[in-house]
Amino acid sequence: MAYWKPLPELDEAALVQPGSSFRDVTEDVARVTETPAPRGWWICFSIALFFVGVFLVCVSYLFWRGVGVWGNSAPVFWAWDITNFVWWVGIGHAGTLISAILFIFRQKWRTAINRFAEAMTIFAVICALIFPGIHVGRVWVVYWMFPLPNQMSIWPNFKSPLIWDLFAVGTYFTVSLLFWYVGLIPDLATLRDRSITRTRQKVYGALAMGWRGSHRHWQNYERAYLILAGISTPLVLSVHSVVSMDFATSVIPGWHTTIFPPYFVAGAVFSGFAMVETVLLIARSIFKLHRVVLMRHLELMNKFLLLTSLLVGYAYSMEFFTAWYSGNRYEMAHFLHNRPTGPFWWAWVWMVVPNCVLPQLYWFKRMRTSIPVMFVVSIFINIGMWFERFVIIVSSLNRDFLPSSWGYYRPTIIDVGTFLGTLGIFFTCFLLFMRWLPMVAMAEVKGTMEQADAHGHGGDDPAHGAGEAAAVEGGLLPEGAE
Amino acid sequence: MEAKARTAPKGVPAVVLAEFESAHDVLHAAERVRDAGYKAWDAHTPFPIHGMDRAMGLTDSKVGWIVICGALTGLTGAFVMMHWMNGVDYPIIVGDKPGGAPGTIPSMVPIMFELTVLLSAFGAVFGMLHLNRLPRHHHPVFESERFRGASDDRFFISIEASDPKFDLDKTVALLEGTHAAHVEVIEEEEP
């Protein structure tokens, strides 16, 4: 987490508003947790909590009556439940991407949004994990999914992608939680040290585990953080690849595709970035974080959305090309007729327009830097990516090989309520997080500021500092001198 | 520089704590303390300072060794679990392949990978906490009111009385000779 110097030649600018001190960063971020919540927070929280209630009602009814309360019926036995699962897991992926992959590539701008994105990962994966749990019909034996001894003396079949998925998503949740918590420890210590009440001191103190900013600790901490980032990178790629194998290993036209793993990962990152942006824009305006979350960060995110949109658009086109090129009549019937012109043609349009067409606006700098435009586009991308999963799952199942088994799918009010309910759970968790935990990684932001450069700043000998920095750049001295 | 403040004597000195106002000052003070030969001492900073490892003369972190042990345990544990469950205890034969036969190894790769990652992450987090001896909620430096700044915008160096080279007057003089903004002696009650 070394000091970051902008390169004017690359049109780079400071990551924190110039002239800010370390104290300003602490104040801006910690203040949010110490002052009464603004009215906007209470309004959002009430709405979110209402939908948690809707979720509880829908799920209670589901448990009471069985999965027949959903619209799932022959031939569409996977519908909103799995669509929502894949959508939520995908949203989580941007969090890991920002916290891990951008960390490894030393993209210092991530410090403004990484805490946020990691929190989003955790809450999104909680919402995702709900669906496989409740869609099994007999929820009281849901532990059969795990390799635990049960009354049938039988173990899970490890050749099934469904159990790979359980391990992948379970590992993903655990590792994301650890990564998030490790990042929080120094900032929890900051909140502990600023405590105004005894309760805050006890709670934040317990969570901070006695962190005292020791450099001997920082050394192990930074190494552990780097390793977590290093192992999270292949992990995040594996999770959505494994999710895609739930489909790709079957023989249904529209599912049986080798492009699925990279296609799902690109889509996951795309939808996740859109969700980070939606939530970040709301939080930035409610809590006035303009000093830390700059337009520059938002513009970079929009560039990233444009890139991933192109990747997703490529995957959509390649599916069509492969169906035609394979010469397989079922593949061709599915991609060339059923998807764009079949009974779910409207879902296909909802997938293509927000995911491939709308982000093209971001070729223009004026669009990339307009808050209203990015807010609307990010919401449309969230919707478009939900429809992508709906198209893959429902429009592939509704017409398979035999026309005699074709059918249509209609969701019920319980399907809708359960999905909106998970949105309520997500935003409830998120609002609580924004209220009680530091939303921005203070220690990391401080580390990127100009004053953090121990060699150049406050120096009695500026020439010496500059020379040493140049030596490090040129590879004469080992960086970090471990 | 402020005059050195000493809390009223109530016991034996535990730690001498020096406060600095910039990353630059604490880094150069750390070099002085290192060169003076101290071992039981530390720098406390709100964020990790680039170059401090060298300034303190630290050797490389050992977290990686714990992680590799976790990774290998996860990898072999996953294989043994799947082989025993699907191949030995209750063989599940799919596509003429009993679980655990060489032909089923490709299907084991995802779970072997996931458990490798999971146990590596446990190794990284719990290994880091173990090497740092955390959680630890009592430490003499917490006795100082000024030390609260260590998680905000202040930088500290602490030298513990348990260090063989520790000598109250000499240690305080050493720290006062750096660009310290404030030096204090933290005492603890006699055991």
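Keep in mind that this is a model prediction, so the values were computed, not measured.

Caption draft 1: Expanded view of the overall build of chain A. Assigned secondary structure in chain A consists of 16 helices and 0 strands. Computed over the C-alpha atoms, the radius of gyration of chain A is 24 Å, within 12% of the 23 Å expected from 2.2 N^0.38 for a compact globule of 482 residues. When its C-alpha atoms are laid out on the principal axes, chain A stretches across 85 × 50 × 45 Å. Restricting the contact set of chain A to residue pairs at least 6 apart, pairs at least 24 apart contribute 80%. Working note: accessible area of chain A is about 19,400 Å², and carbon and sulfur atoms make up 69% of it. A distance of 8 Å separates the average location of the 34 positive side-chain charges in chain A from that of its 30 negative side-chain charges.

Caption draft 2: Focus on the interface of chain A and chain B. On the chain B side, the residues contacting the 69 residues of chain A number 74 residues. Buried surface at the junction of chain A and chain B, summed over both partners, amounts to about 6,500 Å²; 64% is from carbon and sulfur atoms. Inspection of the region where chain A meets chain B yields 3 salt bridges. With a closest N to O distance of 2.9 Å, Arg223(A) and Asp60(B) form a salt bridge. Taken together, the connections running from chain A to chain B amount to 31 residue pairs in polar contact (both at pLDDT 80 or more). Looking at the side of chain A that touches chain B, the elements that each hand over two or more residues are helix 1 (22-34), helix 5 (161-193), helix 6 (198-208), helix 7 (215-248) and helix 15 (442-447) of chain A. Sorting elements by how many residues they give to the side of chain A that touches chain B places helix 7 of chain A first, with 17 residues. For the side of chain A that touches chain B, a count of residues per class yields 33 nonpolar, 24 polar and 12 charged.

Caption draft 3: Structural detail: the domain arrangement of chain B. If you check the domain split of chain B, you get domain 1 (9-59 + 136-188) and domain 2 (63-131). Of note, the centres of domain 1 of chain B and domain 2 of chain B, computed from C-alpha atoms alone, are 45 Å apart.

Caption draft 4: Structural view of the packing of helix 8 (residues 260-287) of chain A against helix 13 (residues 371-397) of chain A. Residue and element names in this part refer to chain A. Closest axis-to-axis distance for the helix 8/helix 13 pair is 9 Å, and the angle between their directions is 145°. Regarding helix 8 and helix 13, the two cross each other, and that crossing is left-handed. Of the residues belonging to the contact of helix 8 with helix 13, the class tally is 16 nonpolar, 5 polar and 4 charged.

Caption draft 5: How the structure looks around the pattern of salt bridges. Evaluation of the coordinates by the stated rule reveals 19 salt bridges over all chains. For Glu299(A), the salt bridge goes to Lys365(A), with nearest N and O atoms at 3.3 Å. With a gap of 66 residues between them, Glu299(A) in helix 9 (residues 295-326) and Lys365(A) in helix 12 (residues 365-368) connect regions that are remote in the sequence. Look at Glu299(A) and you get buried, because its relative accessible area is 12%. Note that Asp153(B) and Arg154(B) form a salt bridge whose closest N and O atoms lie 3.9 Å from each other. Residues joined in a network through salt bridges with shared partners are Arg23(A), Glu19(B), Glu21(B), Arg146(B), Asp152(B), Asp153(B) and Arg154(B).

Caption draft 6: Broad picture of the environment of His130(B). Residues and elements named next belong to chain B. Of note, His130 is situated in helix 4 (residues 105-131). On the basis of relative accessible area, His130 is assigned to the partly exposed category, the value being 49%. On a C-alpha basis, the gap between His130 and Gly51 in space is 24 Å, while along the polypeptide they are 79 residues apart.

Caption draft 7: Region of the structure containing the environment of Ser250(A). All names here are of chain A. Within the element layout of this structure, Ser250 appears in the loop between helix 7 and helix 8. A relative accessible area of 19% means that Ser250 is categorised as buried. The spacing of Ser250 and His297 is 47 residues in sequence and 41 Å in space, taken between C-alpha atoms. Excluding its chain neighbours within four sequence positions, the residues that come into contact with Ser250 are Trp255 and His256. Polar side-chain contacts of Ser250 include one of 2.8 Å to the backbone oxygen of Phe247.

Caption draft 8: Inspection of the nonpolar core at higher detail. Within the largest apolar cluster, 198 residues are counted, with the highest numbers of intra-cluster contacts made by Trp88(A), Phe426(A), Met439(A) and Ile157(B). Here this core spans two domains, and each of domain 1 (9-59 + 136-188) and domain 2 (63-131) of chain B adds at least three residues to it. Those residues in contact with Trp88(A), other than ones at most four positions away along the chain, are Ala124(A), Cys127(A), Ala128(A), Phe131(A), Met275(A), Phe419(A), Thr422(A), Leu423(A) and Phe426(A). Formed by 8 residues, the second largest nonpolar core is a distinct cluster that contains Ala14(B), Val15(B), Leu17(B) and Val141(B).

Quick notes on the rules
- Residues numbered from 1 in each chain as written.
- Chains lettered and ligands numbered in written order.
- Predicted model: local features only at pLDDT ≥ 70, side-chain atom pairs only at ≥ 80, totals over all residues.
- Heavy atoms only, no water.
- Helix = DSSP H or I, 4+ residues; strand = E, 2+ residues; numbered from the N terminus.
- Rg over C-alpha atoms; globule rule 2.2 N^0.38 Å.
- Contact = heavy atoms within 4.5 Å.
- Areas by Shrake-Rupley, 256 points an atom, 1.4 Å probe, with all protein chains shown as cover.
- Lys, Arg positive; Asp, Glu negative; His and termini not counted.
- Charge placed at Lys NZ, Arg CZ, Asp CG, Glu CD.
- Buried area = accessible area lost by both parts, 1.4 Å probe.
- Salt bridge = Lys/Arg side-chain N within 4 Å of Asp/Glu carboxyl O.
- Polar contact = N/O pair within 3.5 Å; in protein donor to acceptor, adjacent residues only side chain to side chain.
- Nonpolar A, V, L, I, M, F, W, Y, C, P; charged D, E, K, R; others polar.
- Domains from an automatic or database assignment.
- Axes fitted to C-alpha atoms, helices over the stretch in contact; angles between N-to-C directions.
- Left-handed = near helix turned anticlockwise from the far one by under 90°.
- Buried < 20%, exposed > 50% of the residue type's maximum accessible area, 1.4 Å probe, protein only.
- Core = buried A, V, L, I, M, F, W, Y, C linked by side-chain atoms within 4.5 Å.

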